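Summary of structural features
For reference, the chains in residue letters:
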Amino acid sequence: MGAIYLVRHGQASFGAAEYDALSPLGFEQSTVVGADLRRRGVEFTRVCSGTLARQRDTAATARKALGCDAPVVEDERWNEYDHVDISAHHAGGAPQEDSRAYQGVLDAALTAWVTAGDGGPCAETWPAFRTRCSAVLADLVASLGKGEHALVFTSGGVISALAGTLMGVPEAGLLKLNRVTVNTGITKLTSGRGGVNLLSFNEHAHLEGETARLLSYR
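This structure is a prediction, so every number in the text was calculated from the model and none was measured. (Residues numbered from 1 in each chain as written. Predicted model: local features only at pLDDT ≥ 70, side-chain atom pairs only at ≥ 80, totals over all residues. Heavy atoms only, no water.)

**What about the overall build of the protein chain?**
Just so we agree on the cut-off: Secondary structure elements are defined from DSSP: runs of H or I of at least 4 residues count as helices, runs of E of at least 2 residues count as strands, and each element is numbered from the N terminus. Burial here depends on accessible area, computed with a 1.4 Å probe over protein chains only, as a share of the maximum for the residue type. Under 20% is buried, over 50% is exposed, and the range in between is partly exposed. Contacts are residue-level and defined by heavy atoms, with any inter-residue pair within 4.5 Å sufficient. Residue burial considers only the protein chains on display, and all accessible areas are found by Shrake-Rupley using a 1.4 Å probe. Charge convention: Lys and Arg are scored as positive, Asp and Glu as negative, and His as well as the terminal groups of each chain are ignored. The atoms used to mark charge sites are NZ of Lys, CZ of Arg, CG of Asp and CD of Glu.
Broken down by element type, the protein chain carries seven helices and six strands. Mapped from its N terminus to its C terminus, the protein chain presents α and β elements in the order β-α-β-α-β-α-α-α-β-α-α-β-β. The proportion of buried residues among the 218 residues of the protein chain is 50%. Here the contacts in the protein chain between residues at least 6 apart in sequence split such that 71% fall between residues at least 24 apart. Accessible area for the protein chain stands at about 9800 Å²; split by element, carbon and sulfur atoms hold 51% of it. Averaging the positions of the 20 positive and the 24 negative side-chain charges in the protein chain gives two centres separated by 6 Å.

**Focus: unusual backbone geometry**
A positive phi is found at threonine 184, a non-glycine position, where the angle reads about 70°. Summarising the element assignment, threonine 184 is placed in the loop between helix H7 (170-177) and strand E5 (186-192). The class of threonine 184 is buried, set by a relative accessible area of 0%. Of note, the phi angle at asparagine 202 is positive, near 60°, even though the residue is not glycine. Along the chain, asparagine 202 turns up in strand E6 (residues 195-203).

**Remarks on the domain arrangement of the protein chain**
Bring the parts together and some accessible area is lost; that lost area is often taken as the interface size. Note the cut-off: Per the annotation, domain bounds derive from an automatic or database assignment of domains. The term buried area denotes the loss of accessible surface (1.4 Å probe radius) that occurs when two parts are joined, taken as the sum for both partners. Basic side-chain nitrogens of Lys or Arg form a salt bridge, by our definition, when they fall within 4 Å of a carboxyl oxygen of Asp or Glu.
By the assigned domains, the protein chain splits into domain 1 (2-78 + 124-214) and domain 2 (82-122). Distance from the C-alpha centre of domain 1 to the C-alpha centre of domain 2: 22 Å. Both sides of the domain 1 and domain 2 interface together cover about 1300 Å² of buried area, and 65% of this is carbon and sulfur. Here domain 1 is connected to domain 2 by one salt bridge. The salt bridge involving arginine 179 is made with aspartate 107; its shortest N-O contact spans 2.7 Å.

**Some thoughts on helix H2 (residues 53-66)**
Every α-helix carries 3.6 residues per turn, so stepping three or four residues along brings you back to the same face. Convention followed: In a helix, the anticipated span is given by 1.5 Å times the number of residues less one.
Taking 1.5 Å of rise per residue, 14 residues should cover 20 Å, and H2 covers 19 Å from first to last C-alpha, within 8% of that figure. Within H2 the residues assigned to the buried category are Arg54, Gln55, Thr58, Ala59, Thr61, Ala62, Arg63, Ala65 and Leu66. Tucked inside the fold, the buried residues of H2 contact strand E1 (2-8), helix H1 (24-40), strand E2 (44-49), strand E3 (72-74) and strand E4 (149-154).

**Observations regarding the side chain of threonine 58**
Positionally, threonine 58 belongs in helix H2. Those residues in contact with threonine 58 that lie beyond four places of it in its chain are Arg8, His9, Gly10, Leu22, Ser30 and Phe153.

**Things to note about the packing of helix H6 (residues 156-166) against H7**
Condition: In this description, a line fitted to the C-alpha atoms serves as the axis of each element, helices being fitted only across the stretch in contact, and the angle between N-to-C directions of two axes falls anywhere from 0 to 180 degrees. Roughly parallel covers angles under 35 degrees, roughly antiparallel covers those over 145, roughly perpendicular covers 65 to 115, and oblique covers all other angles. What makes a crossing left-handed is the near helix being turned counterclockwise from the far one by less than a right angle; a clockwise turn instead makes it right-handed. Each residue is assigned to one of three groups, with Ala, Val, Leu, Ile, Met, Phe, Trp, Tyr, Cys and Pro labelled nonpolar, Asp, Glu, Lys and Arg labelled charged, and all others, Gly among them, labelled polar.
Contact geometry of H6 with H7 gives a least axis separation of 7 Å together with a crossing angle of 140°. Here H6 lies oblique to H7, going by the angle between them. H7 is crossed by H6, and the crossing has right-handed handedness. Every residue of H7 that contacts H6 at Gly157, Ser160, Ala163, Gly164 and Thr165 is listed here: Pro170, Gly173, Leu174 and Leu177. Tallied by class, residues from the contact of H6 with H7 come to four nonpolar, five polar and no charged.

**Digging into the packing of aromatic side chains**
Our working rule: In this scheme Phe, Tyr and Trp rings, the latter by its six-membered ring, pair at centre separations within 6.5 Å, and the angle between planes marks the pair as stacked below 30 degrees, edge-to-face above 60, and tilted otherwise.
In this structure the tally under the stated criterion is six aromatic pairs. Pairing tyrosine 5 with phenylalanine 44 gives two aromatic rings, centres 5.3 Å apart and planes at 90°, and the pair type is edge-to-face. Of this pair, tyrosine 5 sits in strand E1 while phenylalanine 44 sits in strand E2, placing them 39 residues apart in sequence. Assigned by exposure class, tyrosine 5 and phenylalanine 44 land together as buried. Judged by centre distance (5.8 Å) and plane angle (70°), the ring pair of tyrosine 81 and phenylalanine 129 falls under edge-to-face. With tyrosine 81 in the loop between E3 and helix H3 (83-91) and phenylalanine 129 in helix H5 (residues 126-143), this pair connects stretches of sequence that are 48 residues apart. Classification of tyrosine 81 as buried rests on a relative accessible area of 6%. Look at phenylalanine 129 and you get buried, because its relative accessible area is 0%. Through a chain of ring-to-ring contacts, three or more aromatic side chains come together here, namely Tyr81, Trp113, Trp126 and Phe129.

As structure tokens, this is what we get:
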């Protein structure tokens, strides 16, 4: 049975002028997750990434540690929702200095975004986001041969929306799972005759023990 490994990007630069850039910690996390994937001994025939800098750099750094030669196929459909646009329209903006305060504002904004549905004011509504996430996963599954494995570097919102959809609760998936996704957490999906199923969510044993200092959520 084939599997798809969804890896959340490493820590971005919260509070900096350019958020969409891996922090030094993010690069360390990316190396560690690549080494963990190598330890698993999985051969990936297809590697994908969103087009955001934090996703692309996580992919490049992790692949080096993994020792994977498969080229990275970039697709903007793996990109995260626009948190700036969502918080601006549904919460009047969010503080960029205090991570705890920011999370509270973002949670409220995401709830309003989901509730607004197709009639929401954002450039990308919740239904549109959910549709593109489901579509890019479906296209990836269709591209895999029997027993082939894929590795995807994406973001927490995408992973949470997909996990929620596979469990039959897409809205709850986004709102509840998104806030607990860790940087470089691994979510595993299986693909077979029975369709796509969620096997594990947000694995992060590679960020425990001696590497516990690398654990982060933003």
